[in-house]
There are 2 protein chains.
Amino acid sequence: MKVLWITAHPEPRSLNGSLHREGVGYLEEEGHEIRTSDLYAMRFNPVVTPADFSHTEDTRLIVGHAGQEAVREGTLAPDITAEHEKLSWADTLIVQFPLWWYGMPAILKGWFDRVFVGGFAFGVRDAQGRQLRYGEGALAGKRAMVIVSAGAREASLGPRGINGELNDLLFPLQHGTLWYAGIDVLPPLLVHGADRMDAVGYAFHANALRSRLKDLPYADPLPFRHQNGGDYDDDLVLRPGLDPHLTGNAAHYRVES
Amino acid sequence: MKVLWITAHPEPRSLNGSLHREGVGYLEEEGHEIRTSDLYAMRFNPVVTPADFSHTEDTRLIVGHAGQEAVREGTLAPDITAEHEKLSWADTLIVQFPLWWYGMPAILKGWFDRVFVGGFAFGVRDAQGRQLRYGEGALAGKRAMVIVSAGAREASLGPRGINGELNDLLFPLQHGTLWYAGIDVLPPLLVHGADRMDAVGYAFHANALRSRLKDLPYADPLPFRHQNGGDYDDDLVLRPGLDPHLTGNAAHYRVES
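What counts as what
- Just so you know, the residues in each chain are numbered from 1, in the order the chain's sequence is written.
- Following the order in which they are written, the chains are lettered starting with A and the ligands numbered starting with 1.
- The predicted origin of the model limits local features to residues at a pLDDT of at least 70 and limits the giving and counting of side-chain atom pairs to 80 or more, whereas totals for whole chains, interfaces and linings rest on all residues.
- Excluding hydrogens and water, the side-chain values take into account all heavy atoms of the structure.
- By definition, any uninterrupted DSSP run of H or I lasting at least four residues is a helix, any uninterrupted run of E lasting at least two residues is a strand, and each is numbered from the N terminus.
- Any two residues whose heavy atoms approach within 4.5 Å are treated as being in contact.
- Think of it this way: a Phe, Tyr or Trp ring, Trp meaning its six-membered ring, pairs with another when their centres are within 6.5 Å, and the plane angle makes it stacked under 30 degrees, edge-to-face over 60, tilted otherwise.
- Partly exposed describes any residue whose relative accessible area lies between the buried limit of under 20% and the exposed limit of over 50%, with all areas from a 1.4 Å probe on protein chains only and scaled to the type maximum.
- For this document, the term salt bridge refers to a Lys or Arg side-chain nitrogen within 4 Å of an Asp or Glu carboxyl oxygen.
- Grid points spaced at 1 Å over the protein atoms alone were grouped into cavities, where a 1.4 Å probe fits but cannot get out, and pockets, open sets with protein on both sides within 12 Å along at least five of seven lines, with lining residues defined by an atom within 4 Å of a point.
- Grid points are joined across faces, edges and corners, and a volume is the space filled by probe spheres set on the points.
- To line up the copies, we fit them by least squares on C-alpha atoms, keeping just the residues with pLDDT of at least 70 in both.
- Summed over both partners, buried area is the accessible surface (1.4 Å probe) that two parts give up on being assembled.
- Contacts described as polar in this section are N or O atom pairs within 3.5 Å, which, within protein, must combine one atom able to donate a hydrogen with one able to accept it, while residues neighboring in sequence count only if both atoms come from side chains.
- UniProt positions are given in the numbering used here, feature names are shortened, and annotations may be inferred rather than shown by experiment.
- In this analysis, axes come from line fits to C-alpha atoms, helices being fitted only over the stretch in contact, and the angle between any two N-to-C directions falls in the range 0 to 180 degrees.
- When an angle is under 35 degrees it counts as roughly parallel; over 145 it counts as roughly antiparallel; between 65 and 115 it counts as roughly perpendicular; any other value is oblique.
- Helix crossings fall into two classes, left-handed where the near helix is turned counterclockwise from the far one by less than a right angle and right-handed where it is turned clockwise.
- Residue polarity is assigned by list, with Asp, Glu, Lys and Arg as charged and Ala, Val, Leu, Ile, Met, Phe, Trp, Tyr, Cys and Pro as nonpolar; anything else, Gly included, falls into the polar class.
- Put simply, buried Ala, Val, Leu, Ile, Met, Phe, Trp, Tyr and Cys residues joined by side-chain atoms within 4.5 Å make one nonpolar core.

**Here's the deal with the environment of Gln174 of chain A**
All names here are of chain A.
Thought 1: Note that Gln174 resides in helix H6 (residues 171-179).
Thought 2: Residues Gln174 and Gly17 lie 157 residues apart in sequence; the distance between their C-alpha atoms is 22 Å.
Thought 3: Once residues lying within four places of it in the same chain are set aside, the contact partners of Gln174 are Val146, Asn167, Trp179, Val185, Leu186, Pro188, Leu222 and Phe224.

**Things to note about the packing of aromatic side chains**
Residues and elements named next belong to chain B.
Thought 1: Scanning the model with the defined rule gives 22 aromatic pairs over all chains in all.
Thought 2: Summarising the aromatic geometry, the rings of Trp111 and Phe112 are spaced 5.0 Å apart at their centres and angled 90° between planes, so their arrangement reads as edge-to-face. With respect to burial, Trp111 and Phe112 carry one shared label: buried.
Thought 3: Between the aromatic rings of Trp111 and Phe116, the centroid separation amounts to 6.0 Å while the plane-to-plane angle is 50°, which identifies the pairing as tilted.
Thought 4: Of the residues examined, Trp111 reaches a relative accessible area of 0% and is grouped as buried.

**Thoughts on the pattern of salt bridges**
Thought 1: Using the criterion set out here, one finds 22 salt bridges over all chains in the structure.
Thought 2: Note that Lys86 of chain A and Glu83 of chain A form a salt bridge whose closest N and O atoms lie 3.1 Å from each other. Residue Lys86 of chain A and its partner Glu83 of chain A are located together in helix H3 (residues 78-89), separated by three residues, close to a single helical turn. The burial state of Lys86 of chain A is the same as that of Glu83 of chain A; both residues are buried.
Thought 3: Taking the shortest distance from any N to any O, the salt bridge between Asp235 of chain A and Arg153 of chain B comes out at 3.7 Å. Note that Asp235 of chain A is positioned in the segment after helix H7 (199-214) and Arg153 of chain B in the loop between strand S4 (143-149) and helix H6 (166-169), a pairing that runs across two chains.

**A closer look at empty space enclosed by the protein**
Thought 1: Evaluation of the coordinates by the stated rule reveals one cavity of 30 Å³ or more.
Thought 2: Reported here for the largest cavity is a volume of approximately 290 Å³.
Thought 3: As for the largest cavity, its lining consists of 21 residues, and the residues nearest its centre are Tyr102, Gly103 and Pro172 of chain A together with Gly103 and Pro172 of chain B.
Thought 4: Looking at the lining of the largest cavity, the elements that each hand over two or more residues are H6 of chain A together with helix H7 (171-179) of chain B.

**With respect to the relation of the copies chain B and chain A**
Thought 1: Note on the identical chains: chain B maps onto chain A by a rotation of 180° and an axial translation of 0.0 Å, with an RMSD of 0.0 Å. Those values place the two copies in the arrangement expected of a two-fold rotation axis. Considering only C-alpha atoms, the part of chain B nearest the rotation axis is Ala106 of chain B, at 2.4 Å.
Thought 2: When you check the interface residues of chain B against chain A, 100% turn up at the interface there too, and the contact is symmetric in its surfaces.

**Here we look at the interface of chain B and chain A**
A common way to report how large an interface is uses the accessible area buried once the components associate.
Thought 1: Contacts between the two partners involve 66 residues from chain B and, on the opposite side, 66 residues from chain A.
Thought 2: Across the chain B to chain A interface the summed buried area is about 5400 Å²; carbon plus sulfur atoms make up 59%.
Thought 3: Contact with chain A buries surface across chain B, with Trp101, Arg160 and Ile162 of chain B losing the most and accounting together for 21% of the total.
Thought 4: On the surface where chain B and chain A come into contact, there are two salt bridges.
Thought 5: Here chain B and chain A share 42 residue pairs in polar contact (both at pLDDT 80 or more) between them.
Thought 6: Broken down by secondary-structure element, the contributors of at least two residues to the side of chain B that touches chain A are helix H5 (106-115), H6 and H7 of chain B.
Thought 7: Top element by residues in the side of chain B that touches chain A is H5 of chain B. It accounts for six residues.

**Re the UniProt feature "domain: Flavodoxin-like fold" (unreviewed entry) in chain A**
Thought 1: Here, UniProt's "domain: Flavodoxin-like fold" (unreviewed entry) annotation points to residues 1-199 of chain A.
Thought 2: The straight-line gap between the two end C-alpha atoms of residues 1-199 of chain A is 30 Å; of that span, 31% is helix and 16% is strand.

**Observations regarding the packing of helix H1 (residues 15-29) of chain A against H7 of chain A**
All names here are of chain A.
Thought 1: Two elements in contact, H1 and H7, have axes separated by 10 Å at closest approach and are oriented at 40°. Taken together, the axis directions place H1 and H7 in an arrangement best described as oblique. In the packing of H1 onto H7, the handedness of the crossing is right-handed. Of H7, the residues touching H1 (which contributes Leu15, Ser18, Leu19, Glu22, Gly23, Tyr26 and Leu27) are Tyr202, His205, Ala206, Leu209, Arg210, Leu213 and Lys214.
Thought 2: Residue composition of the contact of H1 with H7, grouped by class: eight nonpolar, three polar and three charged.

**Describing the nonpolar core**
Thought 1: Core analysis: the largest hydrophobic core is formed by 126 residues, its most contacted members being Phe116 of chain A together with Phe116 of chain B.
Thought 2: The contacts of Phe116 of chain A, once residues within four sequence positions are left out, are Leu87, Trp111, Ala121, Phe122, Leu139, Thr177, Ala181 and Ile183 of chain A together with Trp101 of chain B.

**So, H5 of chain B**
Thought 1: Of all ten residues making up H5 of chain B, ten are buried, and the element is well covered by its neighbours.
Thought 2: Taken as a whole, H5 of chain B has its buried residues at Ala106, Ile107, Leu108, Lys109, Gly110, Trp111, Phe112, Asp113, Arg114 and Val115 of chain B.
Thought 3: Elements that come into contact with the buried residues of H5 of chain B comprise helix H4 (106-115) of chain A together with strand S1 (2-7), helix H2 (39-42), helix H4 (78-89), strand S3 (92-98) and H7 of chain B.

**Observations regarding the side chain of Ser14 of chain A**
Residues and elements named next belong to chain A.
Thought 1: Among the secondary structure elements, Ser14 is positioned in the loop between strand S1 (2-7) and H1.
Thought 2: Assessed through its relative accessible area of 3%, Ser14 is described here as buried.
Thought 3: Reaching out from Ser14, the side chain makes a polar contact with the side chain of His9 at a distance of 3.3 Å.
Thought 4: Among the polar contacts listed, one links the side chain of Ser14 to the backbone nitrogen of Gly17, at a separation of 3.0 Å.

See below:
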């Protein structure tokens, strides 16, 4: 595999730092190639500004359009094109972060805001003019896995846990971003109890990490529905005949029969 | 009302900029007090670093603990305490943003990461040692409403729309952040079709905005369950007798009988 490992924690001595080194070491031992975007170490700027697109202030900035134009003209900021080069190289992405307010740290959210621009990760059309997204698109063929640490106990992130089920919390990232751009998404790895972890807990999670990394090329992705596969109508609403009782996130997973 | 209006768009000439000015003008006409955190105009730094907590590099940074300690010692960074002062003043919050990758722009996510620190927005306990969160906490008694613009059509953000239902996409913010900190959350206002809006569309949304702002003090909040109200067990899992068929986000709304 060619793995791009994106990680976002302010403290290298953290649990996230240890698991990152553990994972990279394991993948290298197994003969895979690894590149890392350690966003804190890079002091990555997460804030979209006109400068991303070499856009001047004399006209109104429309973010999606400006991205398309900058990709076409080759005028994207160099820190964005550097990430594009890594993404184009990789066949597999690891997205690792501590769960802050039930989402990504801002530095990582902004990596997606700035790097997944129009013309690169969305706004791509086929010869018939159909938008290629949700299972198709410029990044199709790659796989991704989210690794997320949380102070909470595992049950509280389960199907009826108060914090919300993990796949629901990650739906905007796993479905709305990665799958939107065409990337197959493997089930996430949750590192729970992060603030109270002893050596036994660490060994447990490090072992789970190695096992999931070993399985990366073979694991079944989350069965999200394809936009252009016939399940959605022209308003992009799930057809009434398909699982008519389902609403919400659950409606967008294929039910295996 | 005393309204803190938080907004996050890089372009003042945008639809978000127009609706922001429209809303502030309306509230002022109605005699309310308004303060604004326009995060792009403030060049707000969204990245949590040790400097937020006056934390030095000789010991490991544990973000939650460092926040608690800095609140206690009065050593938080001044740009964070400035936002705390506004939050303490306000009885009502407006959180306005364009939906980027089905979530908040990084500059706004980082406002919550940095401003909603331990000891201020979470990690507060009552005399019995119970964590006050999900309906209780230091910010209880305030109300909030999310205003979100999206290029997508309305149906695609509906119950079976491909992008996910809006309240599910906003669950980490509305439930996991605002309600977690004790704040009552009103139903969000969706400004759909944002990239294709003509004067008629703008008038429609401006009118909807004024109507929702007028209703702010009276509208029923989303009926999220209280953590300490008896609905959850000691593992913070919804008790089996309550709506036993429900899983996912839907389980955390009280069903009115």
